[in-house]
Amino acid sequence: MSTNKQTLTLGFLPLLDASPLLLAQELGLFAAEGLKVNLSREASWANIRDKLYVGSLQGAQLLAPMAISVSLGLNKVKAPLVTGMVLSRNGNAITVSNSLIEQLRVLNPEALASPHISVLTLRKLINERTQQGTAALTLATVYPYSCHNYLLRYWLAAGGIHPDHDINMVVIPPEQMVAQLASGRIDGFCVGEPWNQVAVAQGHGKILLNTWDIWHNAPEKVLAVHGDWAAANEDTHLALITATLRACRWLEEPANRDEALAILTQPQYLGFTPETLASGFKTGRHQFFRDSANYPWPAHGTWLLSQMMRWGHVPSTNADHSFINSIFLSSLFEQACRNVGIPCATEQLYQIGKHAASWELGEVTVGADRFIDGIRFNPDDTGAYLQQFAVSNLDS
């Protein structure tokens, strides 16, 4: 129970991975921790970033890499954002237009057989379009510093496609993705559910692959707060994490899914049909609790930082990643686990990419973490990791 109770305003975008915050409110879990919470539906990630910066939001659902980018002052906004828990893993997909699907199939009838074959066929298509002088393809992500962007880039680069030279990359808020695809302004996008399902249901495109296929169990959204607020409201912050963790555990239980869908379909929350949301949960491979999904691993934060280095978003010469530990607050999460009465991993910078299936770490089970190209990431040697990447890491 928090000793510095107060009213909190939490921001969210209408995506399935906002579910833990929405359910913690509706199930009375925030109230049980002595918190009065107002939920604020926002229009874009930039809105959430700015409102966390000025203090009109005390916390929010946030893209995991944004906690790093805002703390570093990228995009001209600098604030010490921190996260004490991951809200969800996986949940995104890459959807492309019907026209692009047909172009891929013309080149290779098996183009959709696997993510490997798809990206290699896409590379061939891009090469042909370049030779013919056809306009470059345009793919959209939701924010420059997002797993959507970095995993899309990872997949493209693994197939020999340079995301900054061979295609156009643009940023579009999630709610506008389907309309932009339908209009032909973009050829595809990487976005969270349920927007991929919406595009398919409306006949505008086809899901090419899930981001699970690129990196198993990537951290997607986190519960973020301003570092100054966290320092001044330690008890309230812990209560917020504890309540949200309880919601994540409740949501992961299959017996609770129908009740969850009934809550989430309310217009002030997600506002989609239960069928669309149910399909999104299945397709997106969301994890909200199992396999240590909520642990804010500094190793994951360090991998995200390595991708910022890889694509020139931060200097690659800065090998010191110790500041990641001040953003991903693993010790605070461990306190929340004790409050909830569940076992918890102990923080360590473990090697990512070596586990094709769930594995045991002490008393807990940790999810698979393989990358599409089989490359492993040692967070203690980011420089050597980045030197491994050739033009293509997949069989041609």
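The structure under discussion appears in the preceding block.
In what follows, the accompanying structure is described. Being a predicted model, the structure only gives us computed values, none of them experimental.

Throughout the structure, instances matching the rule amount to nine salt bridges. A salt bridge links Arg246 to Glu33; its shortest N-O distance comes to 3.7 Å. On the criterion of sequence distance, the pair formed by Arg246 in helix H11 (residues 234-252) and Glu33 in the loop between helix H2 (29-32) and strand E2 (36-41) is long-range, its members being 213 residues apart. Judged by relative accessible area, which is 25%, Arg246 ranks as partly exposed. Here Glu220 ties to Lys221 by a salt bridge, and the two come within 2.8 Å at their closest N and O atoms. The two residues Glu220 and Lys221 agree in class, both being buried. One salt-bridge network, in which partners are shared between bridges, spans Asp17, Glu220 and Lys221.

The subject of this paragraph is the sheet that holds strand E8 (residues 188-192). If you trace the five strands from one edge of the open sheet to the other, you get E7-E6-E8-E5-E9, paired in mixed fashion. Whereas interior strands pair on both sides, the edge strands pair on one side only; in this sheet they are strand E7 (168-171) and strand E9 (205-210). Between one strand axis and the next, the sheet turns through 25° on average, direction left out of account. As paired elements, strand E6 (residues 138-141) and E7 share four bridges and run parallel to each other. Within E7, the position partnered with Thr141 by the bridge is Val171. Along the sheet, helix H5 (residues 98-107) makes contact with strand E5 (92-97) and E9, crossing E5 at roughly 80°.

Here helix H1 (residues 19-26) lies mainly inside the structure; six of its eight residues are buried. Buried within H1 we find Ser19, Pro20, Leu21, Leu22, Leu23 and Ala24. Once H1 ends, the next one or two residues include Gly28, with phi positive near 75°.

To continue, consider the pairing of strand E3 (residues 59-63). Most of E3 sits inside the fold, with five of its five residues counted as buried. Residues Gly59, Gln61 and Leu63 line one face of E3 and the alternating positions Ala60 and Leu62 line the opposite face, and both faces are buried. The pairing of strand E1 (residues 7-12) with E3 spans two bridges and is classified as parallel. Bridge pairing in E3 links Leu10 to Gly59. Bridge count for E3 against strand E10 (residues 219-226) is four bridges, and the pairing is antiparallel. Residue Ala60 lies in a different strand from E10, and its bridge partner there is Ala224.

Turning our attention to the layout of surface pockets. A volume near 200 Å³ is recorded for the largest pocket. Taken together, 16 residues form the lining of the largest pocket, with Phe289, Ser292, Ile342, Pro343 and Val364 sitting closest to its centre. Looking at the lining of the largest pocket, the elements that each hand over two or more residues are helix H15 (330-340) and strand E12 (364-366). A breakdown of the residues in the lining of the largest pocket according to their chemical character gives eleven nonpolar, three polar and two charged.

With that settled, consider the sheet that holds E3. Pairing in this open sheet of five strands is mixed, and the strands run E2-E1-E3-E10-E4 from one edge to the other. Edge positions in the sheet fall to E2 and strand E4 (81-89), since each has one partner strand and no second. On average, each strand axis in the sheet is inclined to that of its neighbour by 30°, with strand direction left out of account. Sheet strands in contact with helix H3 (residues 45-54) are E1, E2, E3, E4 and E10, and its direction is about 135° off that of E3. This element, helix H4 (residues 64-72), spans E3, E4 and E10 of the sheet and lies at about 100° to E3.

Turning our eyes to something else, we now look at the environment of Ser56. Along the polypeptide, Ser56 turns up in the loop between H3 and E3. A relative accessible area of 40% places Ser56 in the partly exposed class. Between the C-alpha atom of Ser56 and that of Pro254, which follows or precedes it by 198 residues, the distance is 35 Å. The contact partners of Ser56, leaving out residues within four places of it in the chain, are Thr9 and Lys51.

A few words now on the nonpolar core. Phe30, Trp45, Leu62, Leu122, Tyr154, Trp155 and Trp303 are the most contacted members of the largest nonpolar core, which has 138 residues in total. The element contributing the most residues to this core is H11, with ten residues.

Thresholds applied
- Residues numbered from 1 in each chain as written.
- Predicted model: local features only at pLDDT ≥ 70, side-chain atom pairs only at ≥ 80, totals over all residues.
- Heavy atoms only, no water.
- Salt bridge = Lys/Arg side-chain N within 4 Å of Asp/Glu carboxyl O.
- Helix = DSSP H or I, 4+ residues; strand = E, 2+ residues; numbered from the N terminus.
- Buried < 20%, exposed > 50% of the residue type's maximum accessible area, 1.4 Å probe, protein only.
- Pairing = 2+ DSSP bridges.
- Axes fitted to C-alpha atoms, helices over the stretch in contact; angles between N-to-C directions.
- Contact = heavy atoms within 4.5 Å.
- 1 Å grid on protein atoms, 1.4 Å probe; cavity = no way out; pocket = protein on both sides within 12 Å on 5 of 7 lines; lining within 4 Å.
- Points joined across faces, edges and corners; volume = space filled by probe spheres on them.
- Nonpolar A, V, L, I, M, F, W, Y, C, P; charged D, E, K, R; others polar.
- Core = buried A, V, L, I, M, F, W, Y, C linked by side-chain atoms within 4.5 Å.

Such coordinate-based values are descriptive only and should not be taken to indicate function.
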